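Take a look at the letters that make up each chain.
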Amino acid sequence: MSLVEIQNRMRAAGGRGVRLLAISKLQPLERVRAVLDQGQRDFGENRVQEAASKWPDLMTAYTGISLHLVGPLQSNKVRQAMGLFSSIHSVDRIKLARRIADIAQEMGSCPELFIQVNTGEEPQKSGVLPAQIDEFTGEVRALGLPVAGLMCIPPLTEEPALHFGLLANLARRNGLTGLSMGMSGDFETAIRLGATHIRIGSALFGARPG
Ligand SMILES: *Cc1c(COP(=O)(O)O)cnc(C)c1O
C-alpha cells in the first residue's frame, strides 16, 4: 500500500493527528528510500545495531527524520540508542530506566519514553505485566523521567481490541496520554480505541524479506 492509501485509511478510522511510524526493520534500502521520497519522516526499528548501520547515512541525505525504537533494549546499548532514537517504546524494566535516567542527565535531554506492557501476559514476550504497571510507572517517574505513554503488542491469536482497550485503561488511570498500539493488521481498530502512535511495517513496505 502507498503512504497515501495508509493515510486515507487512518483518516477514515478517525485517525487525524495519529502519528504513523513506518517500521523499516529488515526492509531493503530502496524500499525505505521510496517511502522517504513519498514524504514519510517517522520511522521505527526494532534493533539498535540495524538502525545504527542504516540510518546515519539516510539522516544525512534526508532532513527531519525521527527514529523510534520499538524493539527490546539492552542496558549496554542505551547510550548508543539515545544518540540515535528520538523515542523509545520498549521501557520494560527498572534497571533499563535507571540507565536511561543516568545518560539523560549527562546529555541534558531524554527521548520520549513509552512503557511496554505485556497485555497478554505471554511468558516469551517482554513488557511489564498489567498488574504491575501502576507501580512501575511511578518508579520510572520517580527517576525524573518523562513517560509519554504505554505500548503493547497483542498476542497473535487474540482479538487485538481487548488488548488495546486494556492498554487505554491502564494509561488513563496513570494519567498517560500516549498510546503506541496498532500494526499493519489492526491499526484501524487501534485508532478507534485511542492510539496516538501506530506502527506499520509490512502494509507499507511489503512483506519483510527472509
Ligand atoms: C515489526 C513490528 C511492527 C510492524 O509490524 P507489521 O505487522 O509489519 O506492521 C510493529 N511493532 C513492532 C514492535 C514490531 O516489531
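Read on for a plain summary of the structure. (Residues numbered from 1 in each chain as written. Predicted model: local features only at pLDDT ≥ 70, side-chain atom pairs only at ≥ 80, totals over all residues. Heavy atoms only, no water.)

**Structural notes on the pattern of salt bridges**
Using the following cut-off: Note on definitions: salt bridges are taken to be side-chain nitrogens of Lys or Arg within 4 Å of carboxyl oxygens of Asp or Glu. Secondary structure follows DSSP: runs of H or I at least 4 residues long count as helices, runs of E at least 2 residues long count as strands, and numbering of each begins at the N terminus. In this scheme, a residue with accessible area under 20% of its type's maximum is buried, one over 50% is exposed, and one in between is partly exposed, where area comes from a 1.4 Å probe on protein chains only.
Inspection of the entire model under this criterion finds 8 salt bridges. For Glu106, the salt bridge identified is with Arg79, shortest N-O distance 2.8 Å. Of this pair, Glu106 sits in helix H5 (residues 94–107) while Arg79 sits in helix H4 (residues 78–84), and the two are 27 residues apart along the sequence. Classification of Glu106 by relative accessible area gives exposed; the value is 58%. Residue Arg79 is classed as partly exposed on the basis of its relative accessible area, which comes to 42%. It is possible to trace a salt-bridge network through shared partners that takes in Glu45, Glu50 and Lys54.

**Some remarks on the pairing of strand S1 (residues 19–23)**
Put simply, the rule is: When DSSP finds at least two bridges between two strands, those strands are taken to pair. The crossover handedness rule: strands pointing away from the viewer, path from first strand over the helix to second strand clockwise, crossover right-handed.
When you tally the buried positions in S1, you get 4 out of 5 residues, the bulk of the element. Judged from the 2 bridges that link them, S1 and strand S2 (residues 42–45) form a sheet pairing that is parallel. Across the sheet, Ala22 pairs through a bridge with Phe43, a residue of S2. Once you follow S1 into helix H2 (residues 29–37) and on to S2, the crossover reads as right-handed.

**Some words on the site of the ligand**
Formally: The near set for a molecule or strand comprises every residue that places at least one heavy atom within 4 Å of it. The definition of a polar contact used here is a pair of N or O atoms within 3.5 Å, where within protein one atom must be able to donate a hydrogen and the other to accept one, and adjacent residues in sequence count solely through side-chain atom pairs. Surface accessibility in these figures is a Shrake-Rupley result with a 1.4 Å probe; residues are shielded only by whichever protein chains are displayed. Gly counts as polar in this scheme, as do all residues outside two lists: the nonpolar Ala, Val, Leu, Ile, Met, Phe, Trp, Tyr, Cys and Pro, and the charged Asp, Glu, Lys and Arg.
In the vicinity of the ligand, the contacting residues are Ile23, Lys25, Val70, Met151, Ile153, Met183, Ser184, Arg199, Ile200, Gly201, Ser202 and Arg208. One of the side-chain nitrogen or oxygen atoms of Lys25 is found 2.7 Å away from an oxygen atom of the ligand. Calculation on the ligand without its partners gives an accessible area of 390 Å², and the protein chains cover 89% of this total. When its residues are assigned to classes, the shell around the ligand shows 6 nonpolar, 3 polar and 3 charged.

**Description of helix H7 (residues 160–173)**
Put simply, the rule is: Helix span, as expected, comes to 1.5 Å for every residue beyond the first. By construction, the arc corresponds to the directions joining the helix axis to the C-beta atoms. Contacts: residue pairs with any heavy atoms within 4.5 Å of one another.
For H7, spanning 14 residues, the distance from its first C-alpha to its last is 20 Å, which sits close to the expected 20 Å at 1.5 Å a residue. Residues of H7 that are buried include every one of Pro160, His163, Phe164, Leu167, Ala168, Leu170 and Ala171, and no others. For H7, the buried positions fall inside an angular range of 165° around the axis, keeping them on one side. Away from the buried face of H7 by more than 90 degrees, exposed residues Leu162, Arg172 and Arg173 are located. Packing partners of the buried residues in H7 comprise strand S5 (112–117), helix H6 (133–142), strand S6 (147–152), strand S7 (178–180) and helix H8 (187–192). Its side-chain oxygen at 3.1 Å from the backbone nitrogen of Ala161, Glu159 defines the N-terminal cap of H7. One or two residues past the end of H7 sits Gly175, with phi positive at roughly 70°.

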